[in-house]
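As a plain string of letters, each chain reads:
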2 protein chains.
Amino acid sequence: MQFEFSRMGGKLAGPSGILTLMDDLGRALASDPHMLMLGGGNPALIPEMTQLWRERIEVLLNTGAIDRTLGQYDPPQGNLQVIESLAKLLRTHYGWNVTTENIAVTSGGQTAFFYLFNLLAGQMPDGSYRRILLPVTPEYIGYSPLGFGEGLFVGCRPRISTPDESQPHLFKYHVDLEAVESALSRHSIGAVAISRPTNPSGNFLSDEETGEIVELATRHRVPVIIDNAYGAPFPGVVFQPTTPVWNESMITTFSLSKLGLPGTRTAFVVAAPQIIKAITAMSAVTGLSHGTVGQQLVADLIESGQIVDLGPKVLRPFYEEKSRFAVQCLTDALKRHTVDGRIHVSEGAFFLWLWLPGLPISSQKLYERLKLRKVLIVPGEEFFFGLEEPWKHAEQCIRLNFAQPAHVLEKAFEVIASEVSLVCRG
Amino acid sequence: MQFEFSRMGGKLAGPSGILTLMDDLGRALASDPHMLMLGGGNPALIPEMTQLWRERIEVLLNTGAIDRTLGQYDPPQGNLQVIESLAKLLRTHYGWNVTTENIAVTSGGQTAFFYLFNLLAGQMPDGSYRRILLPVTPEYIGYSPLGFGEGLFVGCRPRISTPDESQPHLFKYHVDLEAVESALSRHSIGAVAISRPTNPSGNFLSDEETGEIVELATRHRVPVIIDNAYGAPFPGVVFQPTTPVWNESMITTFSLSKLGLPGTRTAFVVAAPQIIKAITAMSAVTGLSHGTVGQQLVADLIESGQIVDLGPKVLRPFYEEKSRFAVQCLTDALKRHTVDGRIHVSEGAFFLWLWLPGLPISSQKLYERLKLRKVLIVPGEEFFFGLEEPWKHAEQCIRLNFAQPAHVLEKAFEVIASEVSLVCRG
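Only a predicted model underlies this, so the values are computations on that prediction, with no experimental measurement involved.

1. Quick look at the overall build of chain A
Tallying secondary structure elements over chain A gives 13 helices and 16 strands in all. Considering only C-alpha atoms, chain A reaches an extent of 60 × 60 × 55 Å along its principal axes. Taking as baseline every contact in chain A between residues at least 6 positions apart, the subset at least 24 positions apart corresponds to 75%. By element, 50% of the accessible surface of chain A is carried by carbon and sulfur atoms, the whole surface being about 14,900 Å². Distance from the positive charge centre (36 side chains) to the negative charge centre (43 side chains) of chain A: 3 Å.

Next up, the structure:
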């Protein structure tokens, strides 16, 4: 039987960068142990963290709580005690004015964005069409296929600087507020969205920049969604000081994945009650409820507040050291092969974002060539979506996961630099 | 800030029976320990099963497999080893002609149906609109809000029999094949869907009836989706012999929830490769990947084939005994209060389906009155959707979960019978 797919189904089931990335991630790992995995966003298996989860499981077994955890459904908003604890933590640690009505659980951050983008943008009841505005493009590859409608995104091109003239191989994106304001004026926008730190670039929009974007959006009565998958309040993989803020015109998401629990598919949305009610209803309709295991593993850590210490004490030092090593190691490899490559300053998350201004082929082609040499990366093209004009830069970048052991990074960077050098020499 | 929602978002986030049911389920349990929970579909905590899951967790801890289970993403199709084992099991136990290309994991059965219905029905690329055909209405409440479009369902009214004249208080639904054929001819149908055993009625469409529906649908080039949430190959809560069949025009789903693992949100879809590829892509886009814990807890049980013995050895005897007790207990309570009530023959799943032909109020109103008396049930109205003509019967039924301890059932049935008696006397 040949099956015919609906418009909507065909769109959600079509090819996408995130499908390739996730498929690569699981399949290559399972089928080829020699593949150097700098592709997807798997966190490192940090001994302190894996030990912590083992201990939490023992507690669930010893108290008998495991039976209800596995054997009963939570309500679609999420576990009510966990939500209560989280609200308390956000009030006391950050002074956020939130109660249980401001928090919902989703089955991971991607699902939260699937709900939020399609709730706030697309075809409106009055027939108008609203878009999602990305103030700094490149943005997260997973957003790109989320819309039911075509052309869901408006992306703004950032300004590019060299933050330190003595290190000309480093660059940084900055939000271009004029471009954002212009986009807000010219388009019907349902929400502004930012990943912070930004996946893929490792850029961290400063508290000041973020505040300016929120102010601008609020003036246009547009909510701002901040994706803290790698940020505050946990996992806290941000390499500079920041004070997390929230107000009712903001929607903040964070998750357990980069704490080391991606297999539990657990994220939290903090927003106005109207949004939380909608997310809860969408959770019930599209999945009844959520996985309970992740929530139970962190329940006591949220209640005690310990969960926000894991970033400063364990995760940030671990990944910051990895980041420093990776930048140095990649810089050396590029130099060895006299490759003209610039690395985005690494301010958070797990990725190096490498810009190759002289790359004569697309980053997609480079990805394919590197895969043949057993190095898995993510080509940059798919992180640039919604741009109103073509941008050569969009074909010249690749994303590299640095959460891998040092010897993997060394080997992989050597292959990447040598391959790029080969390609550039024609 | 007042938020405006898109058409699609507003629809998915709107009120629905499944939202009320799931919210009741988790919230009432958490907030009122005296509530008698005959509402949602929580499985019983069966000691043999909870013990089994504890042992499986110990194995994951002892082998160290827990670290990767929690700490890494599976590919969006699901864990490849688990899928390989399941394909082998389905080939050897049932002779199904399947490989790894015929199986995908989803985050629970509800999510599988969200994907399948919207993939196969709704607005088609040629502008036509396809519907989902339900051969026997009432059908599962969770299907009802799944469509992006309006009027996604066409429901057929079943024939009603009294299978045993000596037990006039028992009734049974039978598929009306002429009605199904007529609906297939008059409407543009994307798929036929059946829950088997049927949630809510506990009806089990016989192998013969099912074969006839599949044959009819195939003649119209329409695939048939069979929801085995309570059926084969696991959990196997079916109280009569059956031989599970599958072919490429069928799409079969089953899950770990009613085995006792609803908290892991894990289901499987068996279908043609074209469908599996689409489901995999939809999983990546709407959620990156799935929870890994459920799959790892059953991985060895699937590989060894033991998982299909759990139904006949543990679950079926347990629930069949519960069912017998519940039917007797409810029959007695109705008699005590001289209530005219008829119970659908209980052929599988966890529910009694009570038809109250003389009920002078809607079942929704009865639900509200019973909730005040601390008995949670599910009103029947919301299981009747897609019917082309009004049907009085649709307002006269309620669903009762019998997976509860005997003393809970006794108390709850007494309250229900006395309340109905009160209502009927005006």
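Next comes the rest of the account.
2. So, the pattern of salt bridges
Overall, the coordinates contain 34 salt bridges over all chains when judged by the stated rule. Across the pair R186 of chain A and E388 of chain A runs a salt bridge whose closest N-O atoms are separated by 2.9 Å. In this pair, R186 of chain A is assigned in helix 7 (residues 177-186) and E388 of chain A in the loop between strand 15 (378-379) and strand 16 (397-401), connecting sequence segments 202 residues apart. On the basis of relative accessible area, E388 of chain A is assigned to the partly exposed category, the value being 43%. Of the charged contacts in the structure, one is a salt bridge between R219 of chain B and E215 of chain B, with a shortest N-O distance of 3.7 Å. Remark: E215 of chain B and R219 of chain B occur in helix 8 (residues 207-219); sequence separation between them is 4 residues, near one turn of the helix. Overlapping salt bridges, with partners in common, bring together E181, E215 and R219 of chain A in one network.

3. Looking at the relation of the copies chain A and chain B
Each copy superposes on the other: chain A lies on chain B with an RMSD of 0.0 Å after a rotation of 180° and an axial shift of 0.0 Å. What we have between these two chains is a two-fold relation. No C-alpha of chain A lies nearer the rotation axis than that of G291 of chain A, which sits 3.5 Å from it. Looking at chain A, 100% of its interface residues are interface residues in chain B too, so the copies touch through the same face.

4. A closer look at the interface of chain A and chain B
Interfaces are frequently sized by the accessible area removed from exposure as the parts join. With 95 residues of chain A at the contact, the number on the chain B side is 95 residues. Summing both sides of the interface, chain A and chain B together bury roughly 8,100 Å²; the carbon and sulfur share of this comes to 66%. Connecting chain A to chain B are 4 salt bridges. For R54 of chain A, the salt bridge is made with D67 of chain B, and the minimal N-O distance between the two is 3.1 Å. Our enumeration of links across chain A and chain B arrives at 30 residue pairs in polar contact (both at pLDDT 80 or more).

5. Considerations on the packing of aromatic side chains
By convention here, two paired aromatic rings are described through the distance between centres and the angle between planes. Residues and elements named next belong to chain A. Counted under the stated rule, the structure contains 45 aromatic pairs over all chains. A ring pair is formed by F153 and F385, whose centres lie 4.9 Å apart and whose planes are at 75°; its orientation type is edge-to-face. Of the two residues, F153 is situated in strand 5 (residues 153-155) and F385 in the loop between strand 15 and strand 16; the sequence distance between them amounts to 232 residues. Like F153, the residue F385 is buried in the burial classification.

6. Thoughts on the domain arrangement of chain A
All names here are of chain A. Here chain A is described as being made up of domain 1 (7-49 + 311-424) and domain 2 (74-307). A straight line from the C-alpha centre of domain 1 to that of domain 2 covers 23 Å. Tallying the contact residues gives 46 residues for domain 1 and 53 residues for domain 2. Regarding the contact of domain 1 and domain 2, the summed buried area is about 4,300 Å², with carbon and sulfur atoms giving 63% of it.

7. A short note on the state of the cysteines
Covalently bonding the sulfur atom of one cysteine to the sulfur atom of another cysteine gives a disulfide. Going through the model one piece at a time under the given rule, you end up with 0 disulfides over all chains. Distance from the sulfur of C329 of chain A, which forms no disulfide, to the nearest cysteine sulfur (C424 of chain A) is 19 Å. Among the residues examined, C329 of chain A registers a relative accessible area of 12% and is labelled buried. The cysteine C397 of chain B is free of any disulfide, with C424 of chain B supplying the nearest cysteine sulfur at 13 Å. A residue is classified by how much of its surface remains accessible, and C397 of chain B, at 0% relative accessible area, is buried.

8. Quick word on the UniProt feature "domain: Aminotransferase class I/classII large" (unreviewed entry) in chain A
On the UniProt side, "domain: Aminotransferase class I/classII large" (unreviewed entry) is annotated at positions that read residues 172-415 of chain A here. What you have in residues 172-415 of chain A is 40% helix and 17% strand, and the ends, taken at the C-alpha atoms, are 25 Å apart.

9. Quick word on the environment of I189 of chain A
Residue and element names in this part refer to chain A. As for its position among the elements, I189 is in strand 8 (residues 189-195). In this structure I189 comes out as buried when scored by relative accessible area, which is 9%. When the C-alpha atoms of I189 and E395 are compared, they prove to be 27 Å apart, with 206 residues separating the residues in sequence. With sequence-adjacent residues up to four places away left out, I189 is seen in contact with R130, R131, L133, V154, A183, L184 and V222.

10. With respect to the nonpolar core
General note: in soluble globular proteins, nonpolar side chains tend to be found buried as a group. Counting 324 residues, the largest nonpolar core has F413 and I416 of chain A together with F413 and I416 of chain B as the members making the most contacts within it. Excluding anything up to four places from it in sequence, I416 of chain A contacts L38, L354, L370, V375, I377, I398 and L400 of chain A.

11. Regarding unusual backbone geometry
All names here are of chain A. In this structure, the amide linkage connecting F234 to the following residue, P235, adopts the cis form with an omega of 15°. The residue P235 is located in the loop between strand 9 (224-227) and strand 10 (250-255) in this model. One non-glycine residue with positive phi stands out, namely K374, at about 65°. Looking at the element boundaries, K374 is found in the loop between helix 12 (363-372) and strand 14 (375-376). When its relative accessible area of 37% is taken as the criterion, K374 is described as partly exposed.

Criteria and thresholds
Residues numbered from 1 in each chain as written. Chains lettered and ligands numbered in written order. Predicted model: local features only at pLDDT ≥ 70, side-chain atom pairs only at ≥ 80, totals over all residues. Heavy atoms only, no water. Helix = DSSP H or I, 4+ residues; strand = E, 2+ residues; numbered from the N terminus. Contact = heavy atoms within 4.5 Å. Areas by Shrake-Rupley, 256 points an atom, 1.4 Å probe, with all protein chains shown as cover. Lys, Arg positive; Asp, Glu negative; His and termini not counted. Charge placed at Lys NZ, Arg CZ, Asp CG, Glu CD. Salt bridge = Lys/Arg side-chain N within 4 Å of Asp/Glu carboxyl O. Buried < 20%, exposed > 50% of the residue type's maximum accessible area, 1.4 Å probe, protein only. Least-squares fit on C-alpha atoms with pLDDT ≥ 70 in both. Buried area = accessible area lost by both parts, 1.4 Å probe. Polar contact = N/O pair within 3.5 Å; in protein donor to acceptor, adjacent residues only side chain to side chain. Phe/Tyr/Trp six-rings, centres within 6.5 Å; stacked < 30°, edge-to-face > 60°. Domains from an automatic or database assignment. Disulfide = S-S within 2.5 Å. UniProt positions renumbered as here; feature names shortened; annotations may be inferred. Core = buried A, V, L, I, M, F, W, Y, C linked by side-chain atoms within 4.5 Å.

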